[in-house]
Amino acid sequence: MNKQATPLAADRTQLSVGLGDRSYDIVIGPGLLAEAGARIAALRPGARIGIVTDSNVADRHLGVVEASLREAGLTPTPILVEPGEKSKCFAVFEQVVDALLAARIERRDLVLALGGGVVGDLAGFAAAALRRGVDFVQAPTSLLAQVDSSVGGKTGINSRHGKNLVGAFHQPILVLADTGALDTLPLREFRSGYAEVAKYGLIDNAPFFGWLERRWEAVFRGGAERIEAIATSCASKAAVVSRDEKETGDRALLNLGHTFGHALEAGAGFSQRLLHGEAVAVGMAQAFRFSAAQGLCATADAERVEAHLRTVGLPTRIADIPGALPDTDGLMDLIAQDKKVSRGALTFILARGIGQSYIARDVDPAQLRAFLEEERRGR
């Protein structure tokens, strides 16, 4: 499936994000957290390392990482935040930056993001702001972070106006995707990350989506299929980022499902009611249903997307989200805050078929409103 990754051993794969003198490697496979010290010391010998993580990840993995760093002659300082999307806020960002300053993390030192997408986004933004820019390493421990948020340099926090509206492009210098860390991930969290895996097939790789339909159970079990799915996803994202680092062109395709999904996440209060990947799953199903309603793709394609996401246990409809959500006007307001909106024109990632997504500019608000009304009625 993946022709861009370089096998290192039977259970290791490495690929590169090509950005000139800011290029960096993504290493994928089990046991990498125990090797973090040696790999980081090769890049920054003797450095102080500010480890940003959350309390759940710390219980599982912090001891191994700290020991590895110390053994390599590095000086780690752990900085713990609360798990969950609500830590991506101004108050916690300030706490993290202050703790990094207290640990005397300087420009020749490093920030290590140890955790899922929330930790990676928060730590990366803190590194971007600290002393006007300190390098950082991503050590993603969730599937979602390994295949998406740890790669590409998007960092940031949420605002009351919407998700990821405050942040910076700040590339890591290394990504260590320890697939063994996924063995301790709760099933709901793994499913959430799988939505981002499926996304790469839906954007421009129909054979990969077909492979996932046949092999998703093996991906969930672990082993070679899991590594293959992660490597294929990372290779797809790395190729896009190399072409369009700051989303002035086709990198926007990576937001398939995210315009709908981010609005639903905000409407659910960035809470455990709706995890990010779950929101993306609903959003992707909506993007295909909206595309079918506009005559852009076959209804059968939209049904196939929804069927696969449901088969793996992901939500696909607004009715699947527990609790109250904003009305149609409220959702339209949240969509209007999306980062792809330009001069008030609504921009969505829509599809002409599976593996045929494209950037649709100037989406008709009246058509979108009518679609949301239908969706809210459960049709």
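Residues numbered from 1 in each chain as written. Predicted model: local features only at pLDDT ≥ 70, side-chain atom pairs only at ≥ 80, totals over all residues. Heavy atoms only, no water.

The protein chain is annotated in an unreviewed UniProt entry as 3-dehydroquinate synthase of Ancylobacter polymorphus. Its UniProt record, at the heading Sequence similarities (unreviewed entry), says of the protein chain: "Belongs to the sugar phosphate cyclases superfamily. Dehydroquinate synthase family." As recorded by UniProt, the Pathway (unreviewed entry) comment attached to the protein chain reads in full: "Metabolic intermediate biosynthesis; chorismate biosynthesis; chorismate from D-erythrose 4-phosphate and phosphoenolpyruvate: step 2/7." (UniProt positions renumbered as here; feature names shortened; annotations may be inferred.)

> Tell me about the environment of phenylalanine 169, and name the residues and values.
Summarising the element assignment, phenylalanine 169 is placed in strand S9 (residues 162-169). Distance from phenylalanine 169 to glutamate 247, taken between C-alpha atoms, is 9.9 Å for residues 78 residues apart in sequence. Once you skip the residues sitting within four places of it in the chain, phenylalanine 169 turns out to touch Gly153, Lys154, Glu245, Lys246, Glu247 and Arg251. (Helix = DSSP H or I, 4+ residues; strand = E, 2+ residues; numbered from the N terminus. Contact = heavy atoms within 4.5 Å.)

> Which residues make up the side chain of histidine 61, and what are the values?
Mapped onto the elements of the fold, histidine 61 is located in helix H2 (residues 55-71). Of the residues examined, histidine 61 reaches a relative accessible area of 11% and is grouped as buried. (Buried < 20%, exposed > 50% of the residue type's maximum accessible area, 1.4 Å probe, protein only.)

> Which residues make up the packing of helix H9 (residues 258-267) against helix H10 (residues 276-293), and what values go with them?
Across the interface, H9 lies against H10 with an axial gap of 7 Å and an inter-helix angle of 135°. Classified by the angle their axes make, H9 and H10 are oblique. The handedness of the crossing between H9 and H10 is right-handed. Within the contact between the two elements, H9 uses His258, Phe260, Gly261, His262, Leu264 and Glu265 and H10 uses His276, Ala279, Val280, Val282, Gly283, Gln286, Ala287 and Phe290. Partitioning the contact of H9 with H10 into residue classes produces seven nonpolar, six polar and one charged. (Axes fitted to C-alpha atoms, helices over the stretch in contact; angles between N-to-C directions. Parallel < 35°, antiparallel > 145°, perpendicular 65-115°, else oblique. Left-handed = near helix turned anticlockwise from the far one by under 90°. Nonpolar A, V, L, I, M, F, W, Y, C, P; charged D, E, K, R; others polar.)

> So, the side chain of lysine 199: which residues are in play, and what are the values?
For lysine 199, the position within the fold is in helix H6 (residues 187-204). The class for lysine 199 is buried, based on a relative accessible area of 1%. A polar atom in the side chain of lysine 199 sits 2.8 Å from the side chain of glutamate 196. Ignoring anything within four residues of it in the chain, the contact list for lysine 199 reads Asp148, Leu254, Leu256, His258 and Met284. (Polar contact = N/O pair within 3.5 Å; in protein donor to acceptor, adjacent residues only side chain to side chain.)

> Hey, could you go over the packing of H9 against helix H12 (residues 328-336) for me, with residue numbers and the actual values?
Direction vectors running N to C along H9 and H12 enclose 120°, while the axes themselves pass 9 Å from each other. Considered as vectors, H9 and H12 are oriented oblique to each other. Seen from above, H9 lies across H12 with right-handed handedness. The segment H9 lies against H12, with Thr259, Phe260, Ala263, Leu264, Ala266 and Gly267 engaging Leu331, Leu334 and Ile335. Broken down by class, the residue content of the contact of H9 with H12 amounts to seven nonpolar, two polar and no charged.

> I'd love a proper account of the nonpolar core, names of residues and values included.
Counting 79 residues, the largest nonpolar core has Ile28, Tyr194, Phe260 and Phe288 as the members making the most contacts within it. Apart from the residues lying within four places of it in its own chain, the contact partners of phenylalanine 260 are Gly283, Gln286, Ala287, Phe290, Ile335, Phe348, Leu368, Phe371 and Leu372. The next biggest cluster of nonpolar side chains, apart from the first, holds 24 residues, and it includes Ala58, Leu69, Leu74 and Leu112. (Core = buried A, V, L, I, M, F, W, Y, C linked by side-chain atoms within 4.5 Å.)

> How would you explain H10 if you had to name every residue and give the values?
In this model, H10 (18 residues) spans 25 Å end to end at C-alpha, consistent with the 26 Å of a helix rising 1.5 Å per residue. Phi turns positive one or two residues past the end of H10, at glycine 295, with a value near 75°. (Expected span 1.5 Å × (residues − 1).)

> A description of empty space enclosed by the protein should follow, citing residues and the corresponding values.
Taken as a whole and judged by the stated rule, the model has three cavities of 30 Å³ or more. Size it by volume and the largest cavity reaches roughly 100 Å³. Considering the residues around the largest cavity, the lining is formed by twelve residues, among which Gly162, Lys163, His262, Leu334 and Asp338 are closest to the centre. Every element with two or more residues in the lining of the largest cavity is listed here: S9 and H9. By residue number, the principal contributor to the lining of the largest cavity is H9, which donates four residues. Broken down by class, the residue content of the lining of the largest cavity amounts to four nonpolar, five polar and three charged. (1 Å grid on protein atoms, 1.4 Å probe; cavity = no way out; pocket = protein on both sides within 12 Å on 5 of 7 lines; lining within 4 Å. Points joined across faces, edges and corners; volume = space filled by probe spheres on them.)

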